[in-house]
2 protein chains.
Amino acid sequence: MTEANFTDWMARQQQRAEHALEQALPAATLSPLRLHEAMRYTTLGGGKRVRPLLVYAAGELSDAQTGTLDAAASAVECVHVYSLVHDDMPCMDDDALRRGKPTVHVQYDDATALLVGDALQTQAFDLLSTPGLFADPARQLRAIHTLARASGSRGMAGGQAIDLASVGKELSRAELEVMHLHKTGALIRAAVLLGALSGEVSDDALQHLDRYAKCIGLLFQVVDDVLDAVADTATLGKTAGKDAAHNKPTYVSILGLSESKQLARELASEAEAALAGFDARARRLRELTHYILSRQF
Amino acid sequence: MTEANFTDWMARQQQRAEHALEQALPAATLSPLRLHEAMRYTTLGGGKRVRPLLVYAAGELSDAQTGTLDAAASAVECVHVYSLVHDDMPCMDDDALRRGKPTVHVQYDDATALLVGDALQTQAFDLLSTPGLFADPARQLRAIHTLARASGSRGMAGGQAIDLASVGKELSRAELEVMHLHKTGALIRAAVLLGALSGEVSDDALQHLDRYAKCIGLLFQVVDDVLDAVADTATLGKTAGKDAAHNKPTYVSILGLSESKQLARELASEAEAALAGFDARARRLRELTHYILSRQF
């Protein structure tokens, strides 16, 4: 398994995540039909699955069981997708395109989008609390608590609130970093930690992984900002240039394009350094750093 | 404690729930301020706290610890409040008044209401997954899973979806029952089960409690429909007559007022019967049946 090159490994894990989500979501034939159909519409068949990839890559470090990792990967992705569905709604970013498809409120309606996001968040905790999913119930509780902390008002949802409050304002680089550490960083950290917690892992290893994940989360955002500034809508699969259009502060608007790229390279080096103490089982985490960085260069 | 009359007991538990929620929610001085302020605005200082009362009453049966019960009561109430905040939004019921106060999207804005609901849901799972909260981690996982199942697409959120789909349609009594068993019944059942699971409880006792809770959930809804038809806005603390105004099917619209009241009495008797095997520790659950019934008569 670990012999495959990164591209093959990534393709296999993306398929695996897709299959895990297929199984994890309620069938479209189950009542209420429209809600379940819309949950599947927005979750399946799209996305790079960066968070599941991080779950799987970190799971290699702790020799986690397949079923545990699949549930952890699906749970993190459900939280991510719920946040996208709500973020795209008219009262937030009012976006019509996501992952190359019409957003849920466009394809269905606003009320359905609201419920789809709500139910996807619950689905994440439903999946992760399945009795017997982890060998150790106490570790399972820790995984659930990690996901909840990362998603709530002091994590992802808090980041969205900071984002809302920052529209049209001048942010310092430090303020922008605080926003992103919450808005995207927290869930990316949770993905890495949940992957590791799905198997046996020491607290010391978790600390190093947390440092890695913090860098990766910021890296991901810096690259996103660069892509948003330079790529077109067809390439992104979502509306390009929307941060500028919404007058939102980005790394590019604060640091400029060239310095943003430099920051990305520095964050990638720091992520690499955080993994220095790990053996070859950290290979996929190392490769993911380069993958996230190379989305831009 | 168990000697107090019901009114005193209820007042004390309502204060206890208020205090538990005060402690459970992030402080209004924590960033992001506006989000935390709005979460506290909508959760604190209002409501009859029916679900926390059920948690506490069921907890008496299983000799649950105070801290465990407080967290369980707060978690269930956070899910309930999140559903109210989202339900009141313009794309759903578009309601301006709740618990005698302007709704969140009126007092703040739509985007904040969306995030407040999202973050309150997460807060529920954050609270309930606190490591060490239950004496037995496996029982704690079961409690989390029970809450997730009750809240998601096959529970409360699913009930909202059925409700949406039923506007302007003729429902049979059976279809109406299916909607309410999901929309309000599922979370009320979870409240009773979580109270019991907070301490030591047998699977047999849980089954009887589940039957009790199913009756109570429907009873609560039938009484709500009757009150919505006959009471005024000032008495309810929320907009009266809104079901009729939204052309939503209710027990009153399907069965008529007199037969709805009769159904309420039958459900109360059935709830009573489900508790027949329990000793005096079920006193508060028995009293709650009468309390919920007597909201109308």
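Described in the following lines is the structure provided in the data block. (Residues numbered from 1 in each chain as written. Chains lettered and ligands numbered in written order. Predicted model: local features only at pLDDT ≥ 70, side-chain atom pairs only at ≥ 80, totals over all residues.)

**Re helix α1 (residues 6–24) of chain A**
All names here are of chain A.
Working step 1: Here α1 contains 19 residues, and its C-alpha end-to-end distance of 26 Å stays within 8% of the 27 Å for a straight helix at 1.5 Å per residue.
Working step 2: Turning to α1, its buried residues are W9, M10, Q13, A17, A20, L21 and A24. In an axial view of α1, the angular spread of the buried residues amounts to 100°, which keeps them on one side of the axis. Along α1, exposed side chains directed more than 90 degrees from the buried face belong to T7, D8, A11, Q15 and Q23.
Working step 3: Those residues of α1 that are buried are in contact with α2 (33–43), α3 (50–61), α4 (66–87), α6 (110–128) and α15 (283–294). (Helix = DSSP H or I, 4+ residues; strand = E, 2+ residues; numbered from the N terminus. Expected span 1.5 Å × (residues − 1). Buried ≥ 20, exposed ≤ 12 C-beta atoms within 10 Å, placed from the backbone. Arc of directions from axis to C-beta. Contact = placed C-beta atoms within 7 Å.)

**With respect to the nonpolar core**
Working step 1: Among the nonpolar cores identified, the biggest contains 187 residues, and A:V76, A:L147, A:L219, B:V76, B:L147 and B:L219 are the most heavily contacted of them.
Working step 2: Take this core: its biggest share by element is 13 residues, from helix α9 (residues 173–197) of chain A.
Working step 3: Sequence-distant contacts of B:V76, defined by excluding residues within four places in its chain, comprise B:R51, B:P52, B:V55, B:L147, B:L187, B:A190, B:A191 and B:L194. (Core = buried A, V, L, I, M, F, W, Y, C linked by C-beta atoms within 7 Å.)

**Side note on the relation of the copies chain A and chain B**
Working step 1: Rotating chain A by 180° about the axis while translating it 0.0 Å along that axis superimposes it on chain B, leaving an RMSD of 0.0 Å. What the rotation and shift describe, once combined, is the action of a two-fold rotation axis. Residue A:P137 of chain A places its C-alpha closer to the rotation axis than any other residue of that unit, at 2.9 Å. (Least-squares fit on C-alpha atoms with pLDDT ≥ 70 in both.)

**A word on the packing of helix α14 (residues 257–274) of chain B against helix α15 (residues 283–294) of chain B**
Residue and element names in this part refer to chain B.
Working step 1: Running from N to C, α14 and α15 point in directions that differ by 175°, and their axes come no closer than 10 Å. Taken together, the axes of α14 and α15 are roughly antiparallel relative to one another. Here A264, A268, A271 and E272 of α14 lie close against α15, whose contacting residues are R286, T289 and L293. (Axes fitted to C-alpha atoms, helices over the stretch in contact; angles between N-to-C directions. Parallel < 35°, antiparallel > 145°, perpendicular 65-115°, else oblique.)

**A closer look at the interface of chain A and chain B**
Working step 1: Facing 44 residues of chain A, the contacting portion of chain B comprises 44 residues.
Working step 2: Put simply, the parts of the chain that give the side of chain A that touches chain B at least two residues each are α2, α6, α7 (137–151) and α8 (156–166) of chain A.
Working step 3: Looking at the side of chain A that touches chain B, the element that brings in the most residues is α6(A), giving 11 residues.
Working step 4: Tallied by class, the residues present in the side of chain A that touches chain B amount to 23 nonpolar, 14 polar and 7 charged. (Nonpolar A, V, L, I, M, F, W, Y, C, P; charged D, E, K, R; others polar.)

**Let's talk about unusual backbone geometry**
Residue and element names in this part refer to chain A.
Working step 1: A cis amide bond links S31 to the next residue, P32, at an omega of -5°.
Working step 2: Note that P32 resides in the loop between α1 and α2.
Working step 3: For R99, which is not glycine, the phi dihedral falls at a positive 50°.
Working step 4: Along the chain, the position of R99 falls in the loop between β1 (97–98) and β2 (101–102).

**What about the environment of A:G256?**
Residue and element names in this part refer to chain A.
Working step 1: Of note, G256 is situated in the loop between α13 (251–255) and α14 (257–274).
Working step 2: Overall, the presence of 11 C-beta atoms within 10 Å leaves G256 in the exposed class.
Working step 3: Separated by 30 residues in sequence, G256 and V226 place their C-alpha atoms 9.2 Å apart.

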